[in-house]
Each structure stands twice: as structure tokens, then as C-alpha cells.
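Structure assessment
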Amino acid sequence: MTASENRGGDGSQTTGKEDVAEFLTEVLAAGPVDVLEVERQARLAGLLGDNKRIRENKSFRAARKHLGILSKHDGFGSRYVLSPLI
């Protein structure tokens with residue numbers, strides 16, 4: 001379900017933070033995911049602009065804080081992953 005589908009005409013209006021929180025919960029359900037992959041999926045879902053990063057988006061910052069999602073290095077590479085607190 002895309003963010004716009006969540007805001008359907010049934011009178012249940014959700015905020016950007018709620019849409020993003022739901023999206024992040026689904027994307028990270030199986031564990032840590034590369035930040036670039038999260039951004040790619042967020043763009044496909046219409047939650048992030050083409051040239052924007054999730055760290056630059058207020059809704060993503062708020063949802064990550066609310067859900068306790070961490071951004072950390074994965075191994076010795078320069079790859080960052082988002083990881084849910086478990």
C-alpha cells in the first residue's frame with residue numbers, strides 16, 4: 001500500500017510521520033536494511049523526493065526517533081544500515 005492509498009477518501013487522514021513509521025516498520029521487519037535500499041523503496045512508495053536523503057526528511061527523522069531505529073555502519077565498509085531496536 002502506498003502512502004497515498006493510506007490517505008484514501010474514507011476520512012482516515014494519516015500524517016507523514018505515521019505513513020513513514022508504517023513504511024519503516026514493514027521495510028525493517030526482517031532486520032537491518034541498507035540505507036540506500038530504504039531510500040529507493042521510499043521513493044517508489046512516494047514518501048521521498050528523487051534527490052532527497054532520508055536524513056534530510058523531517059517525517060523520516062521523526063519516525064526513526066519514535067520507533068527507535070538506529071543508523072549504523074555494517075562491518076568494515078562504508079555502508080550504513082537502518083536497524084530496528086529489538
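To start, this report covers the structure provided alongside it.

Criteria and thresholds
- Residues numbered from 1 in each chain as written.
- Predicted model: local features only at pLDDT ≥ 70, side-chain atom pairs only at ≥ 80, totals over all residues.
- Heavy atoms only, no water.
- Buried < 20%, exposed > 50% of the residue type's maximum accessible area, 1.4 Å probe, protein only.
- Helix = DSSP H or I, 4+ residues; strand = E, 2+ residues; numbered from the N terminus.
- Arc of directions from axis to C-beta.
- Contact = heavy atoms within 4.5 Å.
- Polar contact = N/O pair within 3.5 Å; in protein donor to acceptor, adjacent residues only side chain to side chain.
- Core = buried A, V, L, I, M, F, W, Y, C linked by side-chain atoms within 4.5 Å.
- Pairing = 2+ DSSP bridges.
- Phe/Tyr/Trp six-rings, centres within 6.5 Å; stacked < 30°, edge-to-face > 60°.

Looking at helix H4 (residues 58-67), one finds that the buried residues are Phe60, Ala63 and Arg64. Angular distribution of buried residues about the axis of H4 spans 100°; they occupy a single face of the element. Turned more than 90 degrees from where H4 packs its buried face, Lys58, Lys65 and His66 sit exposed. Check the buried side of H4 and you find it contacts helix H2 (16-27), helix H3 (35-44), strand S2 (70-73) and strand S3 (80-83). Between the side-chain oxygen at the start of H4 and the backbone nitrogen of Ser59 there is a gap of 2.9 Å, and the oxygen is on Asn57. Two residues or fewer past H4, Gly68 is found with a positive phi of approximately 70°.

In this section: the nonpolar core. In terms of nonpolar packing, the biggest core is built from 18 residues, with Phe23, Leu24, Val38, Ile54, Phe60 and Leu82 touching the most fellow members. Listing elements by their share of this core, those giving two or more residues are H2, H3 and H4. When residues in this core are grouped by element, the largest group, five residues, is from H2. Ignoring any residue separated from it by four or fewer positions in sequence, one finds Leu82 in contact with Leu24, Leu28, Pro32, Val33, Val35, Val38, Ile54, Arg64, Ile69, Leu70 and Ser71.

Here the focus is H3. Inspection of H3 places Val35, Val38, Glu39 and Ala42 among the buried residues, and these make up the whole buried set. All buried residues of H3 lie within an arc of 100° about the axis, which places them on one face of the element. Along H3, the residues that are exposed and aim more than 90 degrees away from the buried face are Leu36 and Leu44. The secondary structure elements touched by the buried residues of H3 are H2, strand S1 (33-34), H4 and S3. Measuring from the side-chain oxygen of the N-cap residue of H3 to the backbone nitrogen of Leu36 gives 2.7 Å; that N-cap residue is Asp34. Taken from the residues just after H3, Gly46 is the one with a positive phi, measuring 75°.

This next bit is on the sheet that holds S3. Across the sheet, three strands lie side by side as S1-S3-S2; this open sheet has antiparallel pairing. Edge positions in the open sheet fall to S1 and S2, since each of these has one partner strand only. Of the pairings in the sheet, the one linking S2 to S3 comprises four bridges and is antiparallel in character. Bridge pairing links His73 to Tyr80 in S3.

The next subject is the packing of aromatic side chains. Inspection of every chain in the model, using the stated rule, returns one aromatic pair. Judged by centre distance (6.2 Å) and plane angle (85°), the rings of Phe23 and Phe60 are edge-to-face. On the criterion of sequence distance, the pair formed by Phe23 in helix H2 and Phe60 in helix H4 is long-range, its members being 37 residues apart. Exposure class is identical for Phe23 and Phe60. Each is buried.

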